[in-house]
Amino acid sequence: MDRLDHLDHLDKHLVEELAQVARETVRDELREQTRRQRRRAMLYAGSGAVALYAGAALALALGLALAAGLPDWAAALITAVILGAVAYALRSAAHPSASRPTPEHRAEAAAAHGRSVGDTAAAAPPSGLGTPYPPMPPGPPEAGAPDMPDARPPHPDDIDPEQPHHRA
């Protein structure tokens, strides 16, 4: 056993090298993912800006077309009302449950939370927005639960850095 003691520093050196390689690999992968996501976000932002200008040009064209037969202020007012209606329709399409909850949506939400449809109104918060509270567990978790025989996390003083780590 004494003749293997001089190899102990090699083991530590190998672990440090492996950790360094793993850190560099993860760092490079995260950098690459970030670069791709940044590029995608820039393309989405550019697309949104161009769509905004296209919408403004369309609104201007609509206003000018209406101004041919109406006073300018009436054409601008009608254009604004049309744009407001389109914005409201898009918002409603994006959040259908926020504007008016349907009976099907209430039934789906009740089934997801394990309640009947009549119980959903009782679970709504007092703000009146209709969003139910998340379900609560019946009680605190048991300390000696059968799926976790030792629920206590290891204390830092209990860990021996010199002891070999076995993963089974």
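What you see is a predicted model; the values in this text were computed from it and never measured.

**Here's the deal with the pattern of salt bridges**
Thinking step 1. A complete count under the given rule lists 3 salt bridges for this structure.
Thinking step 2. When the shortest N-O distance is used, the salt bridge between glutamate 32 and arginine 36 registers 3.9 Å. Of the two residues, glutamate 32 and arginine 36 are both situated in helix α1 (residues 8-67); the distance of 4 residues between them amounts to about one turn of the helix.
Thinking step 3. According to the relative accessible area criterion, glutamate 32 is partly exposed, its value standing at 31%.
Thinking step 4. Classification of arginine 36 as partly exposed rests on a relative accessible area of 44%.
Thinking step 5. Taken together, the salt bridges that share partners define one network made up of Glu32, Arg35 and Arg36.

**What to know about the side chain of threonine 79**
Thinking step 1. Here threonine 79 lies in helix α2 (residues 72-94).
Thinking step 2. Engagement of the side chain of threonine 79 in a polar contact is seen with the backbone oxygen of alanine 75, the distance being 2.8 Å.
Thinking step 3. Contact partners of threonine 79, with chain neighbours within four places excluded, come to Ala59, Leu62, Gly63 and Leu66.

**Quick word on a nonpolar patch on the surface**
Thinking step 1. Together, Leu62, Leu70, Ile78, Ile82, Val86 and Leu90 make up an exposed nonpolar region whose accessible area comes to about 470 Å².
Thinking step 2. A total of 4 residues in the nonpolar patch trace back to one element, the largest contributor, which is α2.
Thinking step 3. Mapped onto the secondary structure, isoleucine 78 falls in helix α2.
Thinking step 4. Assessed through its relative accessible area of 35%, isoleucine 78 is described here as partly exposed.

**Remarks on the UniProt feature "transmembrane region" (unreviewed entry) in the protein**
Thinking step 1. The UniProt entry lists residues 41-67 and 73-90 under the feature "transmembrane region" (unreviewed entry), expressed in the numbering used here.
Thinking step 2. Counted over residues 41-67, helix gives 100% and strand 0%. Its end C-alpha atoms are 39 Å apart.
Thinking step 3. Helix and strand shares over residues 73-90 are 100% and 0% respectively, and the end C-alpha atoms of the span are 26 Å apart.

**Here we look at α2**
Thinking step 1. With 23 residues, α2 should cover 33 Å at 1.5 Å per step; its first-to-last C-alpha distance of 33 Å lies within 8% of that length.
Thinking step 2. Of the residues making up α2, those classed as buried are Ala74, Ala75, Thr79 and Ser92.

Cut-offs used in this document
- What you see as residue numbers is a count from 1 along each chain, following the sequence as written.
- Only residues with pLDDT of at least 70 are given local features in this predicted model, and only at 80 or more are side-chain atom pairs given and counted; all residues enter the totals for whole chains, interfaces and linings.
- Note that the side-chain values use all heavy atoms of the structure and ignore hydrogens as well as water.
- Every case where a carboxyl oxygen of Asp or Glu lies within 4 Å of a side-chain nitrogen of Lys or Arg is listed as a salt bridge.
- In this text, helices come from DSSP runs of H or I with a minimum length of four residues, and strands from runs of E with a minimum of two, each type numbered from the N-terminal end.
- The buried label goes to any residue with under 20% of its type's maximum accessible area, the exposed label to any with over 50%, and the partly exposed label to all in between, with areas taken from a 1.4 Å probe on protein chains only.
- Within 3.5 Å is the distance limit for a polar contact, defined as a pair of N or O atoms, with the added protein rule that one can donate a hydrogen and the other accept it, and that residues adjacent in sequence qualify only through two side-chain atoms.
- For this analysis, residues touch if any pair of their heavy atoms sits within 4.5 Å.
- Surface patches are defined over residues having more than 30% relative accessible area and no salt bridge, joining like charges when they lie within 9 Å and nonpolar side chains (Val, Leu, Ile, Met, Phe, Trp, Tyr) when within 5 Å.
- For the accessible areas, the method is Shrake-Rupley and the probe is 1.4 Å, while residue cover comes only from the protein chains on display.
- UniProt positions are given in the numbering used here, feature names are shortened, and annotations may be inferred rather than shown by experiment.
- A helix is expected to span 1.5 Å multiplied by its residue count minus one.

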